[in-house]
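Reading the structure
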Amino acid sequence: MSTTTISVTGQDAYDITVGRDILDRVSQALAPSVRKVLVVHPPTLAERAARLRERLLADTGDGPREVLLAEIPDAEQGKRIEVAAFCWQVMGQADFTRTDAVVGYGGGAVTDLAGFVAATWLRGVQVVQVPTTVLGLVDAAVGGKTGVNTAEGKNLVGAFWAPRAVIGDLDELASLSPNEATAGFAEVVKAGFIWAPEILDIIEADPARAVDTTTDEFRRAVELAIDMKAKVVSSDFREAGQREILNYGHTLGHAIEHAERYRWRHGAAISVGMLYAAELSRLAGRLSDAAAERHRTVLESLGLPTSYRAGAWQQLLATMQRDKKARGGMLRFIVLDDIAKPTVLQAPDESLLFAAYQEVAE
């Protein structure tokens, strides 16, 4: 089976490799100097992580390699400073040096945590990301943004740390439930709205095939989404400019996740956030009625949520005002002037924000 290589360029360049049955490339991606590897994984992947460990041991390059497993709590519960401290403890007791490495093997929360651990251990060791979810593959594992959550909000503590490589083995997605695959696909939909309308065309032609991880349509949509992120990250690694467009739907989406204590899947929250951003764009006079309605029809065709509790507005607003995307206390939203034409709406009037929320309130 052929592979696709998508490159992130710039000072810390690396490749994202997409294909099937390509886990052997994880070992190949590690530098020859690596003697110790920490594989960070969730409980649900314990057996598969053990098999990955054997692969890493079997291909030792220039000398023996020690591979340790660090099992962390599943989903957002794994993105806590206490979990990072556990990983640091394992690395410290095993005498990890600056020439050793971390492998993030799991969904977006795992790759976020693994990247943060790698960025902070001895002020930075290499990390290879091996995403096993749609969200991890198209978003979290690509771009070098790492972090942990706090009681005050999501990803408020973190670091920019580019991976050495990202290995996107599509076979690793085969065990995902349809709900998990669809929730993660929300980030692919986002890429369609802000950058690559071909993704929307693929979904509208056949929503079921678009989210089926075994189809050519799924692979095409995913590769378009990864290519979008790679190009944006290449031009703006530290989110000083264009990279901000990747936050489309995330300001409200992160607030919903916080309100739900992360019981909602990220993609479900971002789905509501994207429709909210579209309605905000429409009410601000930027986006056509038809383009806003296209958001609703595309998201609903995939079975993604498009509404949230009407009585939650004040709580959500307070959380958004603490969001790391705010500037000097002023809220900033990525909105659309049209499909694939994102821009920034800064410090919108609260009455406008509330009116847009009424369009997604249930």
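**Concerning the nonpolar core**
- Grouped together as the largest cluster of nonpolar side chains are 81 residues, with contacts concentrated most on Ile16, Phe185, Val189 and Tyr276.
- It is helix H9 (residues 216-235) that provides the largest number of residues to this core, a total of 10 residues.
- Discounting chain neighbours no more than four positions away, the residues touching valine 189 are Leu200, Ile203, Met274, Val298, Leu299 and Leu302.
- Counting 22 residues, the second-largest nonpolar core is a separate cluster that includes Val83, Met91, Phe116 and Trp121.

**Notes on the environment of asparagine 179**
- You can see asparagine 179 is positioned in helix H6 (residues 178-194).
- Take asparagine 179: its relative accessible area is 62%, and that puts it in the exposed class.
- A sequence separation of 134 residues divides asparagine 179 from tryptophan 313, and the C-alpha atoms of the two residues are 27 Å apart.

**Observations concerning helix H10 (residues 250-259)**
- A large share of H10 lies buried, amounting to 10 of its 10 residues.
- Taken together, the buried positions of H10 are His250, Thr251, Leu252, Gly253, His254, Ala255, Ile256, Glu257, His258 and Ala259.
- The inward-facing, buried residues of H10 abut strand S8 (153-160), H6, helix H11 (266-283), helix H13 (313-321), strand S10 (332-338) and helix H14 (350-358).
- Downstream of H10 by one or two residues, arginine 261 has phi in the positive range, about 50 degrees.

**Describing the pairing of strand S5 (residues 101-106)**
- Judged by how many residues are buried, S5 sits mostly within the fold: 6 of 6 residues are covered.
- Covered by surrounding structure in S5 are Ala101, Val103 and Tyr105 together with Val102, Gly104 and Gly106, the residues of both alternating faces.
- With 4 bridges joining them, strand S3 (residues 36-41) and S5 adopt parallel strand pairing. Directly across from leucine 38, in S5, lies its bridge partner valine 102.
- Relative to strand S6 (residues 126-131), S5 is paired through 6 bridges, and the arrangement is parallel. Counted as the bridge partner of alanine 101 is glutamine 126 from S6.
- Handedness of the crossover joining S5 and S6 through helix H4 (residues 108-120) is recorded here as right-handed.

**Some words on the pairing of S3**
- Counting buried residues along S3, 6 of its 6 residues qualify, which places the element largely inside the surrounding structure.
- On S3, burial covers both faces: Lys36, Leu38 and Val40 on one face and Val37, Val39 and His41 on the other are all buried.
- Pairing of S3 with strand S4 (residues 66-71) involves 6 bridges; the strand directions are parallel. For leucine 38, the partnering residue across the bridge sits in S4 and is leucine 68.

**Some points on helix H12 (residues 289-301)**
- If you check H12, its first and last C-alpha atoms are 18 Å apart, about what 13 residues at 1.5 Å a residue would give, namely 18 Å.
- Restricting attention to buried positions, one finds in H12 the residues Ala291, Ala292, His295, Arg296, Val298 and Leu299.
- Turning to H12, the residues buried within the fold contact H6, helix H7 (198-205), H11 and S10.
- Once H12 ends, the next one or two residues include glycine 303, with phi positive near 80 degrees.

**A few points about the side chain of aspartate 169**
- Relative to the helices and strands, aspartate 169 resides in strand S9 (residues 165-169).
- Buried and unpaired, aspartate 169 has no salt bridge, with arginine 20 as the nearest side chain of opposite charge at 6.2 Å.
- A polar side-chain atom of aspartate 169 sits 3.0 Å from the main-chain amide nitrogen of aspartate 21.
- Looking at aspartate 169, its side chain comes within polar contact range of the main-chain nitrogen of leucine 23, at 3.4 Å.
- Not counting the four nearest positions on each side in its chain, aspartate 169 is found in contact with Gly19, Arg20, Asp21, Ile22 and Leu23.

Definitions and cut-offs
Residues numbered from 1 in each chain as written. Predicted model: local features only at pLDDT ≥ 70, side-chain atom pairs only at ≥ 80, totals over all residues. Heavy atoms only, no water. Core = buried A, V, L, I, M, F, W, Y, C linked by side-chain atoms within 4.5 Å. Buried < 20%, exposed > 50% of the residue type's maximum accessible area, 1.4 Å probe, protein only. Helix = DSSP H or I, 4+ residues; strand = E, 2+ residues; numbered from the N terminus. Contact = heavy atoms within 4.5 Å. Pairing = 2+ DSSP bridges. Right-handed = clockwise from strand over helix to strand, strands pointing away. Expected span 1.5 Å × (residues − 1). Lys, Arg positive; Asp, Glu negative; His and termini not counted. Salt bridge = Lys/Arg side-chain N within 4 Å of Asp/Glu carboxyl O. Polar contact = N/O pair within 3.5 Å; in protein donor to acceptor, adjacent residues only side chain to side chain.

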